[in-house]
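Residues per chain are reported as follows:
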Amino acid sequence: MARSDTRFRETYNSLLDLCGAHAPGDSLPSENALGDRLGVSRTVVRACLQHASTHGMIRWEGREKSLLRAPRPDDRLPLETKTEDPEMLESRFLEWILRFDVPAGTPLNVAALSREFGVTPQLLQEFLAGLSRFGLVERRKKGGWLLLGFTAAFAVELSEFRSLLELNAVQQLVTLPGSHPIWPKLETLRAEHLDLLDRIETDFHAFSPLDERFHATINSVVQNRFVAEFQKVIALIFHYHYMWDKTFERHRNQAAIGEHLALLDALLLRDAAASEQAARRHLLTSKTTLLSSLRDHRLG
């Protein structure tokens, strides 16, 4: 699809949305006003008006433009969509939520969001149905979807559930035989933490991906499809909260590295009691940090 044709189709569909806010018989804004609202030139506006007039949706005579009928779903022009990896869609949608681009309680426009993320409406519907299990969205009684949002209550519940999953992983990990591939992975993680600790003054921003890899490695020993599904969402949320609060970031990351190392050392010694104690301490710190970051972000 040519770029100019794509712009025309996108603009025409936006014009349909604008017309949908009017009743038949209403006058439409001037070409200049439409161009400003739709973010395109008068040439593109005129092409869209002509298309709408040809299909009997508006009456266009000189400067006078009025709506003859409400737009129908079949008026919309199809857009080229990319073949999107469902996991990539999950990451992009969660990032959109966690950056607070929209407030909790906002109805979700599936057609608009499918264009935003470059996927088909069908794929987005399936994704939202799956995401509803996590309590971030819910289906509306009259159809469509509602964004419930990321709240303090959600953060508390998420942290508690994360603790259950990760403590279970720690308990399983310490019982694994010495030939298991997890042990060299933990040794590598320990070396990476020590290396970052030596560079913490200047490279403290590098902690977030290391933290994500640390928790993913520990949880990888649990071969459970349901755990794996929830871990993806948990990991993304705890990863993004590091982007919200930059207050004392170096000190916070340095302290977290110390907690990681304490857990790694206990795991490598196969000390079940010390491992559980270190894991509980770090999970409590993570919960406190997440809630603090959420509060400060909303106040900021």
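Scope of this entry: the structure provided in the associated data block. (Residues numbered from 1 in each chain as written. Predicted model: local features only at pLDDT ≥ 70, side-chain atom pairs only at ≥ 80, totals over all residues. Heavy atoms only, no water.)

## Considerations on the pairing of strand 2 (residues 64-67)
In regular strands, side chains alternate between the two faces of the sheet.
And step 1. Note: strand 1 (residues 58-61) against strand 2, 4 bridges, orientation antiparallel. Following the sheet pairing, glutamate 61 is matched in strand 2 by glutamate 64. (Pairing = 2+ DSSP bridges. Helix = DSSP H or I, 4+ residues; strand = E, 2+ residues; numbered from the N terminus.)

## Some words on the pattern of salt bridges
Should the charged atoms of two oppositely charged side chains come close, the side chains can pair.
And step 1. Inspection of every chain in the model, using the stated rule, returns 12 salt bridges.
And step 2. As a salt-bridge pair, arginine 76 and aspartate 17 come within 3.0 Å of each other at their nearest N and O atoms. Remark: aspartate 17 occurs in helix 1 (residues 3-20) and arginine 76 occurs in the loop between strand 2 and helix 4 (86-98); sequence separation between them is 59 residues.
And step 3. Since its relative accessible area comes to 41%, aspartate 17 is described here as partly exposed.
And step 4. The structure contains a network of salt bridges with shared partners spanning Glu31, Arg42 and Arg46. (Salt bridge = Lys/Arg side-chain N within 4 Å of Asp/Glu carboxyl O. Buried < 20%, exposed > 50% of the residue type's maximum accessible area, 1.4 Å probe, protein only.)

## Concerning the packing of aromatic side chains
And step 1. Tallied over the entire structure, the rule returns 1 aromatic pair.
And step 2. Relative to tyrosine 12, the ring of phenylalanine 8 lies with its centre 6.2 Å away and its plane at 25 degrees, an arrangement referred to as stacked. Taken together, the positions of phenylalanine 8 and tyrosine 12, both in helix 1 and 4 residues apart, correspond to about one turn of that helix.
And step 3. For tyrosine 12, a relative accessible area of 1% puts it in the buried group.
And step 4. Stacked on the ring of tryptophan 183, the Lys or Arg arginine 270 has its end atom at 3.7 Å from the ring centre. (Phe/Tyr/Trp six-rings, centres within 6.5 Å; stacked < 30°, edge-to-face > 60°. Lys NZ or Arg CZ within 6 Å of the ring centre and 35° of its normal.)

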